[in-house]
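Spelled out, the chains give:
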Amino acid sequence: QKTAYEIPKRDWSSDVCSSDLRALARLLPDKPGLRFADLGCGVGSVLSGLSRLRADAGYHGLETAPLPCLLAWWCTRRLPACRVRWHDFWKQDLGR
């Protein structure tokens, strides 16, 4: 039985509609070594969803807000293809 103080479990990776993720995954080029950058990745929903659909690529998220970045890192920590950083993406060299 639930108590008044119980917080429901939330799957943050489900914030993005799965059909949208599948459509985005189909748009990604089918080539080895693909890297995907999510600038302003929020809580990492796109990163975690895409990495589950296309595990052959590398996913990099940059977030400027500390709390969403921490949550994105937490949600993607067990996904080896994902990396999340707290960083100002306007100052990031995207050519690397």
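Please refer to the structure placed before this passage.
Residues numbered from 1 in each chain as written. Predicted model: local features only at pLDDT ≥ 70, side-chain atom pairs only at ≥ 80, totals over all residues. Heavy atoms only, no water.

Turning our eyes to something else, we now look at the packing of aromatic side chains. According to the stated counting rule, one finds two aromatic pairs in the structure shown. Here Phe36 and Tyr59 contribute two aromatic rings whose centre-to-centre distance is 6.0 Å and whose plane-to-plane angle is 55 degrees, an arrangement assigned as tilted. Of the two residues, Phe36 sits in strand β1 (residues 35-39) while Tyr59 sits in strand β2 (residues 58-63), which places them 23 residues apart along the sequence. Taken individually, Phe36 and Tyr59 each receive the classification buried, so the pair is uniform in this respect. We note Arg77 situated over the ring of Trp74; from NZ or CZ to the ring centre the distance is 3.6 Å. (Phe/Tyr/Trp six-rings, centres within 6.5 Å; stacked < 30°, edge-to-face > 60°. Helix = DSSP H or I, 4+ residues; strand = E, 2+ residues; numbered from the N terminus. Buried < 20%, exposed > 50% of the residue type's maximum accessible area, 1.4 Å probe, protein only. Lys NZ or Arg CZ within 6 Å of the ring centre and 35° of its normal.)

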